[in-house]
2 protein chains.
Amino acid sequence: MTPPDPALLSLNAITTKKWTLAEAIDGCVRHGIGGITVWRDRLQEMGLAAATKALRANGLAVTGLCRGGMFPAADAAGRRASIEDNYRAIDEAQAIGARCLILVVGGMPPGSRDLAGAREQVKEGIATILGRAREANMPLAIEPLHPMQAADRACINTLGQALDLCDLLDPQATGALGVAVDVYHVWWDPQLEAQIARAGAKRLLAHHICDWLVPTTDLAFDRGMMGDGVIDLPRIRGLMEKAGYRGYNEVEIFSQRDWWQRDPDEVLRAMKQRYAAC
Amino acid sequence: MTPPDPALLSLNAITTKKWTLAEAIDGCVRHGIGGITVWRDRLQEMGLAAATKALRANGLAVTGLCRGGMFPAADAAGRRASIEDNYRAIDEAQAIGARCLILVVGGMPPGSRDLAGAREQVKEGIATILGRAREANMPLAIEPLHPMQAADRACINTLGQALDLCDLLDPQATGALGVAVDVYHVWWDPQLEAQIARAGAKRLLAHHICDWLVPTTDLAFDRGMMGDGVIDLPRIRGLMEKAGYRGYNEVEIFSQRDWWQRDPDEVLRAMKQRYAAC
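This write-up is about the structure you can find in this document. Since this is a predicted model, take the numbers as computed values, not measurements.

1. Re the interface of chain A and chain B
Logical step 1: On the chain B side, the residues contacting the 22 residues of chain A number 22 residues.
Logical step 2: For the side of chain A that touches chain B, the residue count by class is 14 nonpolar, 5 polar and 3 charged.

Spelled out as structure tokens, the structure:
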């Protein structure tokens, strides 16, 4: 396994949660990190125009915008509101020149036990916004989330399931619809190798890296830095590259008890070092 | 959906963790619960002869013995020790007249990142003990565990994966090898319906019920009582019955913060009531 290309390292800005977007942009520049994935709350805080200007002025690749999705709702008004919000997300992603809009598709509406119904709503939601995304030339990246988040965050839980949706809604594999492969969500999947190969270059829109800690103490906010857990990261990167993926490797770490507590400059130093080693 | 048969309710004794096995047997009798699944530590504490006598004298169906498995190990000595322990588990299961031996297959050995290797060890382990299980007329029930436990508890994480193993090692579907369907582990699986149908009566050895809480605060010990979470329990029971399953519905609840703190008699009352309602 050849080492990863240092030029293809990207920071998902949630990893340095203490920082504003402006600070994260400066941090990337200071540490020589060429890519950044932006969150919408921080983008709105900075302002779309100022953020766009800073991202371009510093030559950063915007590897994604987090996030669209969250389609299922208890009623029609809720579903319409979600669609409208996704349209705004597409516009924002286009404005900042993001390479894709990440879709965290949403779980079951509160009080519901209808998982199949939620999945149907996700299908309908993506079908609805896909036309607008095509017009904006903004690829939509469905991110399957770990099954432990099926109820409350995303009812698309395997790469196979996400790719079934892609095949249904974009059968020509035009590049308008694909997947974000986050190792944290998919590393356990016995079908991982087959599904990454199935996806191919056209569908593989993002590669998110971090690590799975043993023990894990929280279902959402206890991710590890690469090397601190049990995921065979070189293997998964190899599968991605073999399938034709040539994009960035984006570090996305939610870590309430550890990395979010540290000085973000220390986080970036660690991230660069661990990236080189995996 | 017709209500579940009250005669097919079983207590997995971990649900009343405060109780010894003798107390759990008495509790089942007192509350008119016809089945019980036993844990080996509690069985050894009571003594095999005394337990067997009490279970028979009270006419309880022993719906399972927890647990065999835990095959992967860092070295050959560890693997041999695991096989020997599984042989003892088969003997114990036979002695108490259990309907199956539950296999929690094990995760990766400490320090390992070789998930495929761990899965290979599981395959070899089950292949090794299957002959002895056949001689003892003791069905082995592979229990796929939730993907969030892939690293440390069980590297078989979907029903499909478990059934692939069954097909490989027992292609004739003799009844010697099958699966335990625990709703907590599989409820999220988009292939659930197809895989339960594929399993069929010969492979469906156990049905474990509880609920998935939102939020869930611990990866292992925060299960809910039926009705307190988001799992569509009647639907899954319906899939089981449609596939030919006629066995017990076994309540297995690990609940550090709630049910394990309560008076076990209260737990059994709640369990009976909730069972009737789902």
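2. Quick word on unusual backbone geometry
Logical step 1: Here the residue pair Cys66 of chain A and Arg67 of chain A is connected by a cis peptide bond, since its omega of -5 degrees sits within 30 degrees of zero.
Logical step 2: Following Val214 of chain B, the chain continues into Pro215 of chain B via a peptide bond in cis, with omega recorded as -5 degrees.
Logical step 3: Secondary-structure assignment places Pro215 of chain B in the loop between strand 7 (204–209) and helix 9 (233–242).
Logical step 4: Phi at Asn137 of chain B takes a positive value of approximately 55 degrees, unusual for a residue other than glycine.
Logical step 5: In this structure, Asn137 of chain B sits in the loop between helix 5 (115–135) and strand 5 (140–142).

3. Some words on the nonpolar core
Logical step 1: Formed by 182 residues in total, the largest nonpolar core has its most connected members in Leu101, Ala141 and Val179 of chain A together with Leu101, Ala141 and Val179 of chain B.
Logical step 2: With residues near it in sequence (within four places) discarded, Ala141 of chain B still touches Gly64, Cys100, Leu101, Ile102, Leu103, Gly178, Val179, Ala180, Leu205 and Ala206 of chain B.

4. Quick word on the relation of the copies chain A and chain B
Logical step 1: Once chain A is rotated about the relating axis by 180 degrees and shifted along it by 0.0 Å, it coincides with chain B to within an RMSD of 0.0 Å. Those values place the two copies in the arrangement expected of a two-fold rotation axis.
Logical step 2: In this assembly the copies share their binding face: 100% of the residues contributing to the interface of chain A also contribute to that of chain B.

5. Looking at the environment of Cys166 of chain B
Residue and element names in this part refer to chain B.
Logical step 1: Mapped onto the elements, Cys166 comes out in helix 6 (residues 159–169).
Logical step 2: Considering only alpha carbons, one finds Cys166 and Leu140, 26 residues apart in sequence, at a separation of 9.9 Å.
Logical step 3: Setting aside anything within four residues of it in sequence, one finds Cys166 in contact with Ile142, Leu177, Gly178, Val179 and Arg203.

6. Brief notes about the sheet that holds strand 1 (residues 9–12) of chain A
In a beta sheet, neighbouring strands are held together by backbone hydrogen bonds and run either parallel or antiparallel to one another.
All names here are of chain A.
Logical step 1: Ordered in space as 1-2-3-4-5-6-7-8, the 8 strands form a closed barrel in which the pairing is parallel. With direction set aside, neighbouring strand axes in the sheet form an average angle of 30 degrees.
Logical step 2: With 3 bridges connecting them, strand 4 (residues 101–104) and strand 5 (residues 140–142) associate as parallel partners. By the bridge assignment, Leu101 is partnered in strand 5 with Leu140.

Rules behind the numbers
- Per chain, residue numbering runs from 1 following the sequence as it is written.
- Chain A is the first chain written and ligand 1 is the first ligand written, with later ones labelled in order.
- Per-residue local features of the predicted model are confined to residues with pLDDT of at least 70, and side-chain atom pairs are confined, for both listing and counting, to 80 or more; whole-chain, interface and lining totals are unaffected and use all residues.
- Contact criterion: two residues are in contact if their C-beta atoms, reconstructed from the backbone, are within 7 Å.
- Throughout, the ten residues Ala, Val, Leu, Ile, Met, Phe, Trp, Tyr, Cys and Pro are labelled nonpolar, Asp, Glu, Lys and Arg are labelled charged, and all others, Gly among them, are labelled polar.
- In this text, helices come from DSSP runs of H or I with a minimum length of four residues, and strands from runs of E with a minimum of two, each type numbered from the N-terminal end.
- What we call a nonpolar core is a set of buried Ala, Val, Leu, Ile, Met, Phe, Trp, Tyr and Cys residues whose membership is set by joining through C-beta atoms within 7 Å.
- Buried means a residue has 20 or more other C-beta atoms within 10 Å of its own C-beta, exposed means 12 or fewer, and partly exposed covers the counts in between; C-beta atoms are placed from the backbone.
- A residue counts toward the fit only if its pLDDT is at least 70 in both copies, and the copies are then superposed by least squares on the C-alpha atoms of those residues.
- Whether two strands pair depends on DSSP finding at least two bridges between them.
- To get an axis, a line is fitted to the C-alpha atoms, and for a helix only the part in contact is used. The angle between two axes follows their N-to-C directions and goes from 0 to 180 degrees.

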